[in-house]
Amino acid sequence: MTITSIPPEMPYGINVVEKRPTMTLTDSRIGSGSCGVVNWGFSNVGSPLAVKKLKDRVTAENETKALKLGLTHTPRFRDMFEKTVFEKTEYNIVMDQVNEKTIERVYLVKNATRMLTFNEIRSILYQTLEALVYCEEKNIILFDLKTNNMIWQAASKSLTLIDLGSVSEARD
């Protein structure tokens, strides 16, 4: 399969796995977590996408539900599709790619190049609390809220929560 144009944000040496009408999926890994693996993809107009491959339907449905809530601090949900590979079904969630690293990987490592300022910390905490209040209003519980699942975009001063596979609906 030949790719005619790769967006500049995309890493070199990507291998196309599948072309769909609206996107191209690759096997180039962005990261992995307890619920699945996240690979690069891009839309048919070249926008970078994140494609999260999950092994079980419940996790995929939970994460999709959380992304569809419209929470301003999460990547924009694009699509969800099932695919059977060698008799194993995988569940794929497609969302906008956030081109930053997590707070954990940038600011809280031993050899961090810079520390968060007081105002950045205050903004991160405020936006985290906003997200939690919004989730409570929607009866959603976030179980895996930690700095490794938060991306701070210093230029826009915005927080993005990732890895929403461990969410649940609150029951009375």
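The paragraphs below set out a description of the structure included in this document.

### Let's talk about the pairing of strand β2 (residues 23–32)
Item 1. Both β2 and strand β3 (residues 36–43) contribute to a ladder of six bridges, which runs antiparallel. Paired with G31 across the bridge in β3 is V38.

### A few points about the pattern of salt bridges
Item 1. Evaluation of the coordinates by the stated rule reveals two salt bridges.
Item 2. In this structure, the salt-bridge partner of R57 is E61, at a minimum N-O distance of 2.9 Å. You can see R57 and its partner E61 sitting in helix α1 (residues 57–68), four residues apart, about one turn around the helix.
Item 3. K146 is paired through a salt bridge with D144; the nearest N and O atoms lie 3.5 Å apart.

### Quick look at empty space enclosed by the protein
Item 1. Under the defined criterion, the tally for this structure stands at two cavities of 30 Å³ or more.
Item 2. Here the largest cavity defines a volume of roughly 80 Å³.
Item 3. Residue lining of the largest cavity: L142, F143, D144, L145, K146, N149, L161, I162, D163, L164, S166 and V167, and that is the complete set.
Item 4. Looking at the lining of the largest cavity residue by residue, the classes come out as seven nonpolar, two polar and three charged.

### What about unusual backbone geometry?
Item 1. For K157, which is not glycine, the phi dihedral falls at a positive 55 degrees.
Item 2. Looking at the secondary structure, you find K157 in the loop between β8 (150–153) and β9 (158–161).
Item 3. K157 sits in the exposed class, given a relative accessible area of 56%.

Rules used throughout
- Residues numbered from 1 in each chain as written.
- Predicted model: local features only at pLDDT ≥ 70, side-chain atom pairs only at ≥ 80, totals over all residues.
- Heavy atoms only, no water.
- Pairing = 2+ DSSP bridges.
- Helix = DSSP H or I, 4+ residues; strand = E, 2+ residues; numbered from the N terminus.
- Salt bridge = Lys/Arg side-chain N within 4 Å of Asp/Glu carboxyl O.
- 1 Å grid on protein atoms, 1.4 Å probe; cavity = no way out; pocket = protein on both sides within 12 Å on 5 of 7 lines; lining within 4 Å.
- Points joined across faces, edges and corners; volume = space filled by probe spheres on them.
- Nonpolar A, V, L, I, M, F, W, Y, C, P; charged D, E, K, R; others polar.
- Buried < 20%, exposed > 50% of the residue type's maximum accessible area, 1.4 Å probe, protein only.

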